[in-house]
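Each chain is listed here by its residues.
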Amino acid sequence: MTGQSTVPGLGSRRTTRKPVSGRGVESVPVLIVGGSLVGLSTSVFLGRLGIEHLLVERHAETSTHPRGRGNNVRTMEIFRTAGLEQSVREAASALAGNDGVLQVDTLVGDQRRWIVQDIAAGMDVSRVSSSNWCLCSQNDLEPVLLDRARRGGDIRFGTELLSFTQDEEGVRAQVMRRDTGETYTVKADFLVAADGPRSPVRKRLGIGQSGPGALFHNISVTFRSKALKEYVGPKRFIVCYTTDPQGEGALLPVDNEERWVIHIPWSFDRGETLEDFGNERCAAHIRAAVGVPDLDVEITGKAPWHASKRVADSYGRGRVFLAGDAAHEMPPNGAFGSNTGIQDAHNLAWKIAAVLRGWAGLPLLDTYECERRPVAVTTSARASRQAAEEQHPAFRPAAGRNNDAGDLMTVALCYRYGSNAVVGASPQRPVVPEAFLIDGEPGSRAPHMWVRAGGARISTLDLYERSFVLLAGAEGHPWRRAAERAGKNLGVPVEVYLVGDGPDHDLVPEPDADWAALHGTADDGAVLVRPDGFVAWRAPSHLPSADRVLTDVLQTVLCRG
């Protein structure tokens, strides 16, 4: 979805309109299909922006299986801005002290090494971010997102999308209540499909996928064991890989007390079925992994899963957009999959809101694919490399050196966009740099800086959500007037903050902090940041006719002709 917009006919519609019912037809600006992590996050972000929407999810309730636990620094920054960080951390409190990736022959054996000792690799994360990693399993995170989503959207579980059509006026979808069989029509301006790796929406659109496909297969077994924590040791891991042939697997704590998960290799390609994994077999496998033949084990659940590496060839058609696993699949190693999907939703939500409000031209929606698909391609390659480094059970990667760039923190925070929604991005720079670098360049996530605003200590990242933000330095007073004129000219709100310690400055930096150096500009320069927290444009110093320049920049970034 690059170049000329493929979504004609919207014009400058109202920001929202109340859903109306009549003869089985409801109308809403945005229809979201899928109520897992990515769909619920899309709902949260649209609700925060005041965009009414309807979410339908075929299942009757949120996930009950502990999986998808790693929420990286960027995702937690987004949750912080959305007012969710504290709730997520409370839901994740049982795993708050866990860190690192361990490999052993058995838990009581002699062979032991840390594949990853520290997810942050010794970095003082508070210097580069307002947040930090958080281990919150999907079954704990989804209820938090659902509670917040219901405050801003119409959320309907047990409701399935049957079919849809689209034209230049909108999307027309048929949905069904699964408990009663009642069907009705939903008319929407846009549809966001977060309906998983087998996405019926993607298939109906005829969008193919690129990549090697399935990489390995596991059975995820949940179990209880009161004695297991005695063999884990004092260092609480995120995951422990056991290599003994009789107990090969990936062991993960759920509560560090008596609830656990183990991923057991599954010979899916050789016809092995879920039914082959009886309770006795699973319990024996767990005991072999721990190295304790009489370990107490109570099997509580089993779920098959397939690790794949695929990226959709397009992120949508017309008024329909793909997000999360519908757009990309990758191994769970490094916790990139759900994070990439949540960040898809964050990128797309502000663009849909900008178009619905009349701030932006329709081609802005084309930049969703331009920005997010390269990130998924690069990130999925890095996830596959992580799976190889961790020697994930049942994964047998092809021989050869993998040169995919970036450690975990670099991939999480340093990816860059190059699209029409950015002015001045360097085309030579890779999507993810080889080494950690946040320098305020257009197309990158804006730098974090602790400041005081009205007596409160906040991060500059806390400012970016509902509007464009222009930051200017101690000598940047003319930028305030320029932004006010540019915003008025275009009908686009632009918040302006002057950074300095004078009485007329809005943000006071902490001692020894250099705002200009951190953002790659001068004290009389400025940085324009998009609502998603990415740098849209940067001025190295004061410019003559700054209001005219800023007007042109906003018109370009918002794809307004």
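Residues numbered from 1 in each chain as written. Predicted model: local features only at pLDDT ≥ 70, side-chain atom pairs only at ≥ 80, totals over all residues. Heavy atoms only, no water.

**What about the overall build of the chain?**
- Within the chain, the regular secondary structure consists of 13 helices and 26 strands.
- Relative to the globule expectation of 24 Å for 561 residues, the C-alpha radius of gyration of the chain, 24 Å, shows essentially globular dimensions.
- Each principal axis of the C-alpha distribution contributes one length, and for the chain these read about 75 × 65 × 45 Å.
- In the chain, which comprises 561 residues, the share counted as buried stands at 57%.
- Counted over contacts in the chain with a minimum sequence separation of 6, partners at least 24 positions apart contribute 71%.
- As displayed, the chain offers around 22400 Å² of accessible surface, 47% of which is attributable to carbon and sulfur atoms. (Helix = DSSP H or I, 4+ residues; strand = E, 2+ residues; numbered from the N terminus. Rg over C-alpha atoms; globule rule 2.2 N^0.38 Å. Buried < 20%, exposed > 50% of the residue type's maximum accessible area, 1.4 Å probe, protein only. Contact = heavy atoms within 4.5 Å. Areas by Shrake-Rupley, 256 points an atom, 1.4 Å probe, with all protein chains shown as cover.)

**Details of unusual backbone geometry**
- Its identity is not glycine, yet Asn256 carries a phi of approximately 65 degrees, on the positive side.
- Residue Asn256 is classed as buried on the basis of its relative accessible area of 7%.
- Residues other than glycine seldom take positive phi values, yet Asp512 does so here, at roughly 70 degrees.
- Turning to its location among the elements, Asp512 is positioned in the loop between strand S24 (508-509) and helix H12 (515-519).

**Describing the pairing of strand S25 (residues 526-529)**
- Covered by surrounding structure in S25 are Ala526 and Leu528 together with Val527 and Val529, the residues of both alternating faces.
- Here strand S22 (residues 468-472) pairs with S25 via 4 bridges, running antiparallel. In the sheet register, Leu470 faces S25, and the bridge partner there is Leu528.
- Pairing geometry for S25 and strand S26 (residues 535-539), over 4 bridges, is antiparallel. From the neighbouring strand, Val527 faces S26, where its bridge partner is Arg538.
- Here S25 folds back onto S26 in antiparallel fashion, the turn holding 5 residues, of which Gly533 has a positive phi close to 85 degrees. (Pairing = 2+ DSSP bridges.)

**Observations concerning the sheet that holds strand S21 (residues 456-459)**
- Taken in spatial order, the 3 strands of this open sheet run S21-S20-S24, and their pairing is antiparallel. With one partner strand each, in any of the chains shown, S21 and S24 form the two edges of the open sheet.
- Here strand S20 (residues 450-453) pairs with S24 via 2 bridges, running antiparallel. Pairing of Val451 across the sheet is with Pro509, part of S24.

**Examining the environment of Ala421**
- Checked against the element boundaries, Ala421 lands in the loop between helix H10 (408-413) and S20.
- Here Ala421 falls in the buried class, since its relative accessible area comes to 0%.
- The sequence separation of Ala421 and Pro442 amounts to 21 residues, and the corresponding C-alpha distance is 9.9 Å.

**Observations concerning the packing of aromatic side chains**
- Under the counting rule described, the total for this entry stands at 10 aromatic pairs.
- Arranged with centres 6.2 Å apart and planes meeting at 80 degrees, the rings of Phe321 and Tyr368 form a pair that is edge-to-face. Pair noted here: Phe321 is in strand S18 (residues 320-322) and Tyr368 is in helix H9 (residues 366-389), with a separation of 47 residues, a long-range link.
- Overall, Phe321 belongs to the buried group, its relative accessible area being 0%.
- Ring plane angle 70 degrees and centroid distance 5.9 Å describe the contact between Trp479 and Trp537, whose orientation is recorded as edge-to-face. Taken together, the residues span a long stretch of sequence, with Trp479 in helix H11 (residues 477-490) and Trp537 in strand S26 at a distance of 58 residues.
- Assessed through its relative accessible area of 8%, Trp537 is described here as buried.
- Site record: aromatic cluster; members linked through ring pairs are Phe190, Tyr315, Phe321 and Tyr368.
- One cation-aromatic arrangement involves Arg204 over Phe164; the distance from NZ or CZ to the ring centre is 5.6 Å.
- Geometry around Trp450 places Arg457 over its ring, the cationic atom sitting 4.1 Å from the centre. (Phe/Tyr/Trp six-rings, centres within 6.5 Å; stacked < 30°, edge-to-face > 60°. Lys NZ or Arg CZ within 6 Å of the ring centre and 35° of its normal.)

**Concerning the pattern of salt bridges**
- Considering all chains together, one arrives at 29 salt bridges under this definition.
- Here Arg224 and Glu258 are joined by a salt bridge, their closest N and O atoms 2.8 Å apart. In this pair, Arg224 is assigned in strand S12 (residues 209-224) and Glu258 in the loop between strand S14 (249-253) and strand S15 (259-265), connecting sequence segments 34 residues apart.
- In this structure Glu258 comes out as partly exposed when scored by relative accessible area, which is 26%.
- Two residues, Arg466 and Glu465, come together in a salt bridge whose shortest N-O distance is 3.3 Å.
- If you follow the salt bridges from partner to partner, you end up with Arg80, Glu85, Arg89 and Asp462 in one network. (Salt bridge = Lys/Arg side-chain N within 4 Å of Asp/Glu carboxyl O.)

**With respect to H9**
- Compared with the 34 Å implied by 1.5 Å per residue over 24 residues, the 36 Å span of H9 between its first and last C-alpha is a close match.
- Within two residues after H9, Gln391 carries a phi angle of roughly 55 degrees, on the positive side. (Expected span 1.5 Å × (residues − 1).)

**Considering the side chain of Asp532**
- Inspection of the secondary structure assignment puts Asp532 in the loop between S25 and S26.
- Classification of Asp532 by relative accessible area gives buried; the value is 2%.
- Here the side chain of Asp532 touches Phe534 through a polar contact of 3.4 Å, landing on its backbone nitrogen.
- Not counting chain neighbours up to four residues away, the residues in contact with Asp532 comprise Arg74, His346, Asn347, Trp350 and Tyr417. (Polar contact = N/O pair within 3.5 Å; in protein donor to acceptor, adjacent residues only side chain to side chain.)

**Digging into the state of the cysteines**
- Evaluated as defined, the whole model comprises 0 disulfides.
- For the unlinked cysteine Cys282, the closest cysteine sulfur is that of Cys240, found at 18 Å.
- Cys282 sits in the buried class, given a relative accessible area of 0%.
- Not part of a disulfide, Cys559 finds its nearest cysteine sulfur in Cys370, a span of 9.0 Å. (Disulfide = S-S within 2.5 Å.)

**Section: the packing of helix H1 (residues 37-48) against helix H4 (residues 138-152)**
- Where H1 meets H4, the axes come as close as 8 Å, and the angle between the chain directions of the two elements is 30 degrees. In terms of axis orientation, H1 runs roughly parallel to H4. The two elements H1 and H4 cross, and the hand of that crossing is left-handed. Across the interface between the two elements, Leu37, Leu40, Ser41, Ser43, Val44, Gly47 and Arg48 of H1 pack against Gln138, Leu141, Glu142, Leu145, Leu146, Arg148, Ala149 and Gly152 of H4. (Axes fitted to C-alpha atoms, helices over the stretch in contact; angles between N-to-C directions. Parallel < 35°, antiparallel > 145°, perpendicular 65-115°, else oblique. Left-handed = near helix turned anticlockwise from the far one by under 90°.)

**Considerations on the sheet that holds S15**
- Here 8 strands make up an open sheet; going across it, the order is S6-S5-S13-S14-S15-S12-S16-S19 and the pairing mixed. The open sheet has two edge strands with one neighbour each: strand S6 (112-116) and strand S19 (328-329).
- Sheet analysis places S12 next to strand S16 (residues 298-312), joined by 13 bridges and oriented antiparallel. Bridging from a neighbouring strand, Gly213 pairs with Lys309 of S16.

Nothing here speaks to function; it is all geometry.
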